[in-house]
Amino acid sequence: FGANDALQAPLDLSAKDLVGTWLLEFRSPTGMDDFPERVEVVCLQLNRMGDDWPCSFEARCCLHDPDTNIFERDAAVFGSRKTSGNWRWRPPCRRKEDHGDDDDDCGLVCRFQELTGEWVHAPGPSMRFIPLEVLVASRWSPSTRPPPSEVEAF
């Protein structure tokens, strides 16, 4: 796993440059004194099969105290079992007059299928947006089947 060099020129990036396995990290405040930060780690696999762009997504969450570097597993409701769906690349706008200097809508759009029998998920598909800056900071492998030990260690 390492950086995806294609992300250095997002205007020239095509969706096929993103195929592989991504290890993503999202951090957000919890509002709790003991563990002020929630860390969500995601294994996202992006594929291409002809005209189809399938993906899989699995997330685990933990609570973190940045001062002591102590982690504690968060409630299961904040994670996501492995689910599948489709994805599309939303490239940055090429003309600044169309979009200004803000490229906040550049990134991946993933649409996941309903997980039958899952009480924590609302019925119907769900969407997840992954901004370009998260991809740039993430680890990537061109393989859609990386060694499980590397994924588990993340």
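Placed above this text is the structure.
Residues numbered from 1 in each chain as written. Predicted model: local features only at pLDDT ≥ 70, side-chain atom pairs only at ≥ 80, totals over all residues. Heavy atoms only, no water.

## Remarks on the nonpolar core
Here's step 1: Grouped together as the largest cluster of nonpolar side chains are 26 residues, with contacts concentrated most on Leu 44, Trp 87 and Trp 89.
Here's step 2: Among the elements of the structure, β1 (20–29), β2 (37–46), β3 (54–65), β5 (80–90), β6 (107–112) and α2 (132–136) are those that each provide at least two residues to this core.
Here's step 3: Setting aside chain neighbours within four positions, we find Trp 87 in contact with Ala 15, Leu 18, Val 19, Leu 46, Asn 47, Trp 53, Pro 54, Cys 55, Leu 108, Val 109 and Cys 110. (Core = buried A, V, L, I, M, F, W, Y, C linked by side-chain atoms within 4.5 Å. Buried < 20%, exposed > 50% of the residue type's maximum accessible area, 1.4 Å probe, protein only. Helix = DSSP H or I, 4+ residues; strand = E, 2+ residues; numbered from the N terminus. Contact = heavy atoms within 4.5 Å.)

## Points about the pattern of salt bridges
Here's step 1: This structure, assessed with the given rule, holds five salt bridges.
Here's step 2: Across the pair Arg 27 and Glu 25 runs a salt bridge, and its minimum N-O distance is 2.8 Å.
Here's step 3: Across the salt bridge formed by Arg 128 and Glu 40, the nearest N and O atoms sit 2.9 Å from each other. Placement of the pair is Arg 128 in strand β7 (residues 126–131) and Glu 40 in strand β2, with a sequence separation of 88 residues.
Here's step 4: Looking at Arg 128, the relative accessible area reads 23%, which means it is partly exposed.
Here's step 5: The network of salt bridges with shared partners includes Glu 25, Arg 27 and Glu 37. (Salt bridge = Lys/Arg side-chain N within 4 Å of Asp/Glu carboxyl O.)

## What to know about the environment of Leu 7
Here's step 1: The residue Leu 7 is located in the segment before β1 in this model.
Here's step 2: According to the relative accessible area criterion, Leu 7 is buried, its value standing at 5%.
Here's step 3: Linking Leu 7 and Leu 132, residues 125 residues apart in sequence, is a C-alpha distance of 8.1 Å.
Here's step 4: If near-sequence neighbours (up to four positions away) are discounted, Leu 7 is found in contact with Leu 13, Leu 18, Trp 22, Leu 132, Leu 135 and Val 136.

## Regarding the packing of aromatic side chains
Here's step 1: Enumeration over the complete set of coordinates arrives at three aromatic pairs.
Here's step 2: Geometrically, the ring pair formed by Trp 22 and Trp 140 is tilted, given 6.0 Å between the ring centres and 45° between the ring planes. Here Trp 140 lies in strand β8 (residues 139–141) and Trp 22 lies in strand β1, a separation of 118 residues in the sequence.
Here's step 3: Taking the centre distance of 5.0 Å and the plane angle of 50° together, the rings of Phe 57 and Phe 112 count as tilted. Note that Phe 57 is positioned in strand β3 and Phe 112 in strand β6, a separation of 55 residues in sequence.
Here's step 4: For Phe 57, a relative accessible area of 5% corresponds to the buried category.
Here's step 5: Relative accessible area serves as the criterion here: at 4%, Phe 112 is assigned to the buried category.
Here's step 6: Arg 128 extends its terminal NZ or CZ atom over the ring of Phe 26, reaching a point 4.8 Å from the ring centre. (Phe/Tyr/Trp six-rings, centres within 6.5 Å; stacked < 30°, edge-to-face > 60°. Lys NZ or Arg CZ within 6 Å of the ring centre and 35° of its normal.)

## A closer look at the side chain of His 64
Here's step 1: Considering the arrangement of structural elements, one finds His 64 in strand β3.
Here's step 2: Looking at His 64, its side chain comes within polar contact range of the side chain of Asn 69, at 2.9 Å. (Polar contact = N/O pair within 3.5 Å; in protein donor to acceptor, adjacent residues only side chain to side chain.)

## Some remarks on the environment of Phe 26
Here's step 1: Among the secondary structure elements, Phe 26 is positioned in strand β1.
Here's step 2: When the C-alpha atoms of Phe 26 and Arg 38 are compared, they prove to be 8.1 Å apart, with 12 residues separating the residues in sequence.
Here's step 3: Excluding anything up to four places from it in sequence, Phe 26 contacts Arg 38, Val 39, Glu 40, Val 42, Arg 128, Ile 130 and Val 134.

## Quick notes on the environment of Arg 128
Here's step 1: Note: C-alpha distance between Arg 128 and Trp 87 (41 residues apart in sequence) is 9.4 Å.
Here's step 2: Setting aside anything within four residues of it in sequence, one finds Arg 128 in contact with Phe 26, Glu 40, Phe 57, Leu 108, Val 109, Cys 110 and Phe 112.
Here's step 3: At 2.9 Å, the side chain of Arg 128 forms a polar contact with the side chain of Glu 40.

By themselves, these figures tell us nothing about what the structure is for.
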